[in-house]
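Inside the fold
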Number of protein chains: 8
Amino acid sequence: MNADALKELLENVKNGSLPVGKALERLKDLPYADMGYAMVDHHRALRRGHPETIFSQGKTVDQVVGIARRLLEKDANIMATRADQTVYEALKTIGGRVEYHPAARIVVMNRQPITPTRTNILVMCAGTADIPVAEEAAVTAEVMGNRVVRLTDVGVAGIHRLLANREKIRTASVLVVVAGMDGALPSVAAGLTDKPVIAVPTSIGYGASFGGLAALLTMLNSCANGVTVVNIDNGYGAGYAASMINRIASE
Amino acid sequence: MNADALKELLENVKNGSLPVGKALERLKDLPYADMGYAMVDHHRALRRGHPETIFSQGKTVDQVVGIARRLLEKDANIMATRADQTVYEALKTIGGRVEYHPAARIVVMNRQPITPTRTNILVMCAGTADIPVAEEAAVTAEVMGNRVVRLTDVGVAGIHRLLANREKIRTASVLVVVAGMDGALPSVAAGLTDKPVIAVPTSIGYGASFGGLAALLTMLNSCANGVTVVNIDNGYGAGYAASMINRIASE
Amino acid sequence: MNADALKELLENVKNGSLPVGKALERLKDLPYADMGYAMVDHHRALRRGHPETIFSQGKTVDQVVGIARRLLEKDANIMATRADQTVYEALKTIGGRVEYHPAARIVVMNRQPITPTRTNILVMCAGTADIPVAEEAAVTAEVMGNRVVRLTDVGVAGIHRLLANREKIRTASVLVVVAGMDGALPSVAAGLTDKPVIAVPTSIGYGASFGGLAALLTMLNSCANGVTVVNIDNGYGAGYAASMINRIASE
Amino acid sequence: MNADALKELLENVKNGSLPVGKALERLKDLPYADMGYAMVDHHRALRRGHPETIFSQGKTVDQVVGIARRLLEKDANIMATRADQTVYEALKTIGGRVEYHPAARIVVMNRQPITPTRTNILVMCAGTADIPVAEEAAVTAEVMGNRVVRLTDVGVAGIHRLLANREKIRTASVLVVVAGMDGALPSVAAGLTDKPVIAVPTSIGYGASFGGLAALLTMLNSCANGVTVVNIDNGYGAGYAASMINRIASE
Amino acid sequence: MNADALKELLENVKNGSLPVGKALERLKDLPYADMGYAMVDHHRALRRGHPETIFSQGKTVDQVVGIARRLLEKDANIMATRADQTVYEALKTIGGRVEYHPAARIVVMNRQPITPTRTNILVMCAGTADIPVAEEAAVTAEVMGNRVVRLTDVGVAGIHRLLANREKIRTASVLVVVAGMDGALPSVAAGLTDKPVIAVPTSIGYGASFGGLAALLTMLNSCANGVTVVNIDNGYGAGYAASMINRIASE
Amino acid sequence: MNADALKELLENVKNGSLPVGKALERLKDLPYADMGYAMVDHHRALRRGHPETIFSQGKTVDQVVGIARRLLEKDANIMATRADQTVYEALKTIGGRVEYHPAARIVVMNRQPITPTRTNILVMCAGTADIPVAEEAAVTAEVMGNRVVRLTDVGVAGIHRLLANREKIRTASVLVVVAGMDGALPSVAAGLTDKPVIAVPTSIGYGASFGGLAALLTMLNSCANGVTVVNIDNGYGAGYAASMINRIASE
Amino acid sequence: MNADALKELLENVKNGSLPVGKALERLKDLPYADMGYAMVDHHRALRRGHPETIFSQGKTVDQVVGIARRLLEKDANIMATRADQTVYEALKTIGGRVEYHPAARIVVMNRQPITPTRTNILVMCAGTADIPVAEEAAVTAEVMGNRVVRLTDVGVAGIHRLLANREKIRTASVLVVVAGMDGALPSVAAGLTDKPVIAVPTSIGYGASFGGLAALLTMLNSCANGVTVVNIDNGYGAGYAASMINRIASE
Amino acid sequence: MNADALKELLENVKNGSLPVGKALERLKDLPYADMGYAMVDHHRALRRGHPETIFSQGKTVDQVVGIARRLLEKDANIMATRADQTVYEALKTIGGRVEYHPAARIVVMNRQPITPTRTNILVMCAGTADIPVAEEAAVTAEVMGNRVVRLTDVGVAGIHRLLANREKIRTASVLVVVAGMDGALPSVAAGLTDKPVIAVPTSIGYGASFGGLAALLTMLNSCANGVTVVNIDNGYGAGYAASMINRIASE
């Protein structure tokens, strides 16, 4: 029952065409009733202030295109993550402005103009192989209107390289720190700032890295203050949460 | 080498009593040299804007008291977490203002006056047994000057109780969501707000909860945007990170 | 907003004392608003047709008593599980009819008269040490009005003992099958009936039983049709689900 | 020894052609003796009231066809699960009525007319990627004569979409709830009904979902009453168990 | 239906007092019917050639005594494993011959005279702390009539000590090899014999031994021929299986 | 130092050409010295009474052929396990008698005549998909001269099929019991015999079978006496150990 | 700020062109400031005394070539590990001296003359399939100027083969011991020497080897003195650490 | 057969009283025969150059005293690790020089004079709670004659404290780095030296530290060169291995 229907109901009560008892009956289930939202939740963008995201992995190209098509009808700002070249080519065919960020594996469609933040998110990663996850975080944040600074190849085994970038660390309002293998970077980075650090373990590694489990556990056990963690390889989630915080900082 | 020693060195170079070559030699290790910080890092409070914290668990009462004594000499604002009644009694004997929060298991000493935030942190938990962890988060945040709103017993199996508190959810600038067992609460809560959610799994449960592992994995796999996770039972860490974000929001 | 308040609102709309616009405003948040349920959900008993349950484990005696007191005020039918003798003694002091089932570790208070089912639930277990969990299931089901048949010590290593009880198996409308160690009993039992089997792994065992994990995995991997599984040692959950099914069968 | 042979034995005892001692000897092993069932258990369909199922995964096409051929000779109602297009094509060549449900990956052969249930099973899933498992459950139940209602894309992070379908939830006699990632849906769904909920974790997810382990643990630890769980991706098992319950409800 | 009842039935058929049809009816369920065995399976001793065993761990002293009492009525040869001094004292009070083996934690009651084997079982262990498990295996085998040779403190890090006992290894018909920590002993021992080796991991160790898991995995992955494995700390199971093999060798 | 060299040394001592002191010196390291065995241990066949086995998995065809060639030079009886068609084709080219058992994935070369055992090994498995592992066990045992009886498709969910084969179970001197999924078969089978049971978990299954871990744990936790376990899918190891026992029984 | 800039600063202080206050200001961040190292750390070779290593796995050929090109500009001694034939071919095209060690999967470029050690590293492995990891260790050590002795196929199930090589064991200054499956070799080897043993678990095995986890745990739990462990399959790390020790021994 | 017996045998061969054939027969088993070592291996001290160690954990005080007594008879240098005050008091009663190191939980008996090393071992740890493990390493190394430098409370979240001690790091010939929680310290420390680093994970932590597993995995996955790892809490093993390396460096 949407607002119009509700208004009509109340007016019918007022003008006597609908008895109170019947109105009550119809309102009984209202707490859990249909709130006028369709299954594809194109209104969430407004409610959460962010674009609609299609997680492409595990979906067929047809499914991704189908979902995108429906979202476009609602003028939603769309982001398809974990998208390879094939997905990009397919999305180009359905019209609208389409950009592709191959390193981040993200397709952006129908991007709305957005006021950029004055403050920065710093996205750093420990090794070359962690770059795709770091880029997923960085591009996600950029699509959501954030200024993003990048820092790569600053593993803890060469601590001077990290220290040499203290300025970047100090001027960010929130940090996304991506690392595989031993996952030690967020602990060190958080010790150099008083801003929140969102740690992203990656599945990079071999043997006892167990697909990123080692890095995940390291980060959850970090002794540094201000570190919170997202799922293994979840650059998108980290970029999204960082954007929420940076938006606050920027306003 | 602290600032005074460095200044003296430069002045000796200037007045010719120290040749440039010798000065270079002494500065060679500067990048990694002693920066005037003692082992107990009482300066971190200023650098990070926060009190010194003693994690009492696994330490003897004597060790906790010893550390507290050294910190007091530096006029640090002190917080002892995972502190039982015995720790509290012992800390009372060393003087200063001492408060005890038994539900949160936190002793606060030497608390400095601090401007309270205008914005709120909402700390919610799913079950009665999760309250100690939630309180650890709430008191940590309060000690750090935040206004904290509490909400308890809002498990997802009785979703109406959560929905009945949407106003509290909507007016918080950041949420700490504590849950054991299935750990599903953060996913649902995050769907009702566009603010960051810090999820805290607890070790509450039995059988296949595996000491909080089930709740931890649930939270890491949350499909809701804006959820980040801390270690099992780490109310302190969640309160600390929430404070960082709320401070940004309040300023 | 409860039914009375809603009725009053509608009547005020009808009699013109509340303009439609203001009524709309107040109804706007209705989908998520307070639905008249207090935090302690004493209405759930009616909605779900079952008693209120207090999980005593991990709660202090005071907390259990406090919750019980509030529920008694609402005339709820109460069950405290994982309750030891101390909990029982404490609950006796707050009045009402109180029964204790020590093998099941369940206290029942204020039990309402309930029509017994015509059909049976069969609760069986593999070993003597599994009896507490089996009793938790059996007593839970009995409190909810079910006729329960018990069968103990029918491990698969002595298959003739199980086969000797085929009649009990065939006449049950649903089976609760409890086993620790290798957890193989539900697979065999389910092969002897065409009724649903609810399997309950127990933490009984040592070494590679890993606190019931072995039995849990065995049951999840059962090749027999109709087997579903609950958490390790979760006799209560099995008894509850079995009651739901047996109630259907009995009606 | 089948019934005819047993009857003949008794008649030989009666007419004196078989001494009691010899008859005893031949009956000695009867408790464990051959009961006239062949290795391929085509009689189970009658005993359990259900079709014969071939789990195709891990079998060669030739093996699947061979088993199907033997079952057809006995006029069994046959279902091949985890069957791809190749299996379907091969089964079509051996004659009889053959249907293929590609989303569910199920081939049905020789389907017998069956009285449909009056009551409903509700099969719901959290995400698009969970649909194959949900369809496996739904088609299994339909083949077994159940009326099935479907509900998709109702993840807990958008709780209003679930609440908008409360009517479907309330009118089902049993629910199959399928979810990957955080696996939180069954907890919420079970809170909205007083009917049994069969939870199916899926292997959908990445990182710390560990192939469905996260969702499995979430479901086993659900705080909601009436939830039981099957193996990861086991749509067939859930559909089968749901049919057992719905058949009871319908009769 | 026991042999006497069956004989009576056949004789009634023979003398015409029981019609064939009625006899058939009564025999119908015979394949699965009660075979005259009580729930406490005192006949298994004969069928399996071995004593009745009570696993005391996880049972109250009263339960152990109760089971022992029933078994004694049937003249069974009884063994209570994982039995401490208290269990021993309690069992002494119910009469009969009672021996206690404290290192093995085994109480033996009512031991029947048994022909000792001519061949040997060799029970060896790697460290002092493994002795209780080794003794459980050795005493179990001795109670079952086997000649047992013991060898202790022959860890693989001092390989000469093991090699110095090659004669004991070569003259055993079966070996029980007990080891905690790295669990490497069975691999080496099996390389020095062509007889079966039953490997018993123990929970001895710390850190990454994970309660015996490390030793268990080592043994399961042994490259040596003829090694089979039992549960962690399962000395009883190893002694039992070794006895089965040694009995064959001795006959 | 081989026997010939040792004899020569002693004779040189005897005839005085080697002083006792020098002989002592040369014998000093004998306990650990080269015992005349080449790296490829072709003498083990005699010492252990069995053929040389090449585990082909993880080796290139060239490596397998190279090892086989060296073994053939020593007249060893050779078995290549986990061998596919390509390995077989390659081994055929190096001459000698070569047989291939495709279901068991075993190539046998140079098989020596061997007296068959009088007693039987029973190899049984729960499902069709377990057959390759069961065949690996059966063929291994046959190559080592054992009479092997096979029994397939006797899962515990259809217990009558197992019971119908009690005669095969009772007449075996040792059983190899192969099962994936829930791995429950060995527990039931061991309850029907007083002979040793070697349990082989297989990697057959999905979801929470975790590549055979579920079946492995089930078997390790079996309550039945006489069950020992080998590695997941280790049909070869089970067949080898069974042969050791059956050889004892046959002699 | 590199040495030249620092010298210039000091000279400007000395000659008065830079006031002490301003110099202090510029030196303030020196502890953490840029120390003249580029992101690709070509100076580490000097600081650590070793070549630059590119871990090729998980990098594209283009990325490996790009990194190598930059390193070559600095005259670094380069090693690419986990490098297949394609990487080798690509690296050949960029000039310089290029060697390929296919068994070790290592490409060496621009190798500097280096004084060989007088002392030996012994690299041994248990099985043929472990050779690639052993070779990675051996070649790494050789590139770093060590004399390396190899020993293969000395599994603990044939202990005489290991003992026959005691001389090689006794004359090494450090041992690298590589093993998969049960991982028992390092324990035995360490018992035969008083030199450090670096144990390398490999992912060789199947079933309960869990990708090398079993061997890893065995090694961590070794009872032998002097054993330390590296990651699964980490031949490079073992060779590197062994080189550090052998360099000490050789000097 | 010890050296005297062997000499006698050879002389009997020489003087003709023992024929060569008989001598050969007696020498046949020599490779594996008793080598004159008793079961308690008091000769290992000489062979390995180190004291005999008694791991007290899991042993009764009587067992520890018994072993110590036997070792004292052989004049061995003795160390009892994981020894509490009770063990110390008991060992004092059996005479000889006895020292107790309570922080390290080590009792030293009968310590022989030993030439101290010229070079240092640096033992560092991340937190106060890690001190017992660090002390176990340090005292073990000191008992074995090493100069040990200690460094505590240098967690990676306060990186400046570690950097302030670079001199201690640079002057050590080998490092033992102890850390619990996230276990990140060895990675950072190894980046500041070109000497071997022995990493010791501790069981310090809570929640997802899983008793030290998180720290263990972090260390195994370290990206820094020269890091090897020992078991969780294994300070003794680290101190022992470090001593082996430092002894080499010192000679």
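Just so you know, these numbers come straight off a predicted model, no measurement behind them. (Residues numbered from 1 in each chain as written. Chains lettered and ligands numbered in written order. Predicted model: local features only at pLDDT ≥ 70, side-chain atom pairs only at ≥ 80, totals over all residues. Heavy atoms only, no water.)

Looking now at the overall build of chain A. A count of helical and extended segments in chain A gives 11 helices and nine strands. In chain A, which comprises 251 residues, the share counted as buried stands at 62%. Put simply, 66% of the contacts in chain A that link residues at least 6 apart link residues at least 24 apart. Surface summary for chain A: the accessible area is close to 8700 Å², and the carbon and sulfur share equals 52%. (Helix = DSSP H or I, 4+ residues; strand = E, 2+ residues; numbered from the N terminus. Buried < 20%, exposed > 50% of the residue type's maximum accessible area, 1.4 Å probe, protein only. Contact = heavy atoms within 4.5 Å. Areas by Shrake-Rupley, 256 points an atom, 1.4 Å probe, with all protein chains shown as cover.)

Here we take up the domain arrangement of chain A. Residue and element names in this part refer to chain A. Domain assignment breaks chain A into domain 1 (3-109) and domain 2 (120-250). Contacts between the two partners involve 13 residues from domain 1, matched on the other side by 14 residues from domain 2. Taken over both partners, the interface formed by domain 1 and domain 2 buries close to 1200 Å², and the fraction arising from carbon and sulfur atoms is 64%. Three residues, His50, Met79 and Arg82, lead the burial of domain 1 against domain 2; their summed loss comes to 35% of the area buried on that side. Between domain 1 and domain 2 we count two salt bridges in total. Of the charged contacts in the structure, one is a salt bridge between Glu136 and Arg105, with a shortest N-O distance of 3.9 Å. Joining domain 1 to domain 2, the criterion identifies three residue pairs in polar contact (both at pLDDT 80 or more). Sorting the residues of the side of domain 1 that touches domain 2 by element identifies β2 (78-81) and β4 (106-109) as the ones contributing at least two each. Class assignment of the residues belonging to the side of domain 1 that touches domain 2 gives a composition of six nonpolar, four polar and three charged. (Domains from an automatic or database assignment. Buried area = accessible area lost by both parts, 1.4 Å probe. Salt bridge = Lys/Arg side-chain N within 4 Å of Asp/Glu carboxyl O. Polar contact = N/O pair within 3.5 Å; in protein donor to acceptor, adjacent residues only side chain to side chain. Nonpolar A, V, L, I, M, F, W, Y, C, P; charged D, E, K, R; others polar.)

For the rest of this paragraph, the subject is the packing of aromatic side chains. Going through the model one piece at a time under the given rule, you end up with 24 aromatic pairs over all chains. With a centroid separation of 4.8 Å and an interplanar angle of 15°, the aromatic rings of Tyr88(F) and Tyr100(F) are classed as stacked. Here Tyr100(F) lies in strand β3 (residues 98-101) and Tyr88(F) lies in helix α5 (residues 85-92), a separation of 12 residues in the sequence. Across the pair, exposure class does not vary: Tyr88(F) and Tyr100(F) are buried alike. Over the ring of Tyr206(F) we find Arg82(D); its NZ or CZ atom is 4.5 Å from the centre of that ring. (Phe/Tyr/Trp six-rings, centres within 6.5 Å; stacked < 30°, edge-to-face > 60°. Lys NZ or Arg CZ within 6 Å of the ring centre and 35° of its normal.)

Counting buried positions over the eight residues of helix α10 (residues 213-220) of chain H gives seven, a clear majority of the element. Burial in α10(H) covers these residues: Ala214(H), Ala215(H), Leu216(H), Leu217(H), Thr218(H), Met219(H) and Leu220(H).

Turning to the sheet that holds strand β3 (residues 98-101) of chain A, a few remarks are in order. Residues and elements named next belong to chain A. Here four strands make up an open sheet; going across it, the order is β1-β2-β4-β3 and the pairing mixed. The sheet is open, and its two edges are formed by β1 (52-55) and β3, each paired on a single side. Adjacent strand axes in the sheet meet at a mean angle of 20°, parallel and antiparallel pairs treated alike. For β1 and β2, the ladder comprises four bridges, and the chain directions are parallel. Within β2, the position partnered with Glu52 by the bridge is Ile78. Against the sheet, helix α4 (residues 61-73) touches β1, β2 and β4, its axis set at about 170° to β1. (Pairing = 2+ DSSP bridges. Axes fitted to C-alpha atoms, helices over the stretch in contact; angles between N-to-C directions.)

The subject of this paragraph is the pairing of strand β8 (residues 197-201) of chain H. Residues and elements named next belong to chain H. Burial runs high along β8: five of the five residues are buried. Where burial is concerned, the two faces of β8 agree: the one with Val197, Ala199 and Pro201 and the one with Ile198 and Val200 are both buried. Relative to β8, strand β7 (residues 172-179) runs parallel, the two being bridged by five bridges. The residue bridging Val176 from the neighbouring strand is Ile198, located in β8. The parallel pair β7 and β8, bridged by helix α9 (residues 185-190), forms a crossover whose chirality is right-handed. In this sheet, strand β9 (residues 227-229) lies alongside β8 in parallel orientation, the contact comprising three bridges. (Right-handed = clockwise from strand over helix to strand, strands pointing away.)

Placing chain B over chain A gives an RMSD of 0.1 Å and needs a rotation angle of 180°, together with 0.1 Å of translation along the axis. Accordingly, the operation relating the two chain copies is best matched by a two-fold axis. Within chain B, the C-alpha atom positioned nearest to the axis of rotation is that of Val229(B), 2.4 Å from it. Same-surface contact between copies: 100% of interface residues of chain B are shared with the interface of chain A. (Least-squares fit on C-alpha atoms with pLDDT ≥ 70 in both.)

This next bit is on the interface of chain B and chain A. A common way to express how large an interface is: the accessible area buried when the components associate. Contact residues are listed per partner, giving 31 residues for chain B and 31 residues for chain A. A buried area of about 2700 Å², summed over both sides, lies between chain B and chain A, and 59% of it is on carbon and sulfur atoms. Here chain B and chain A share zero salt bridges between them. Our count for the chain B to chain A interface comes out at six residue pairs in polar contact (both at pLDDT 80 or more). When contributions to the side of chain B that touches chain A are tallied by element, the ones reaching two or more residues are α3 (44-48), α7 (159-163), α10 (213-220), β9 (227-229) and α11 (235-250) of chain B. Tallying contributions element by element places α11(B) first for the side of chain B that touches chain A, with seven residues.

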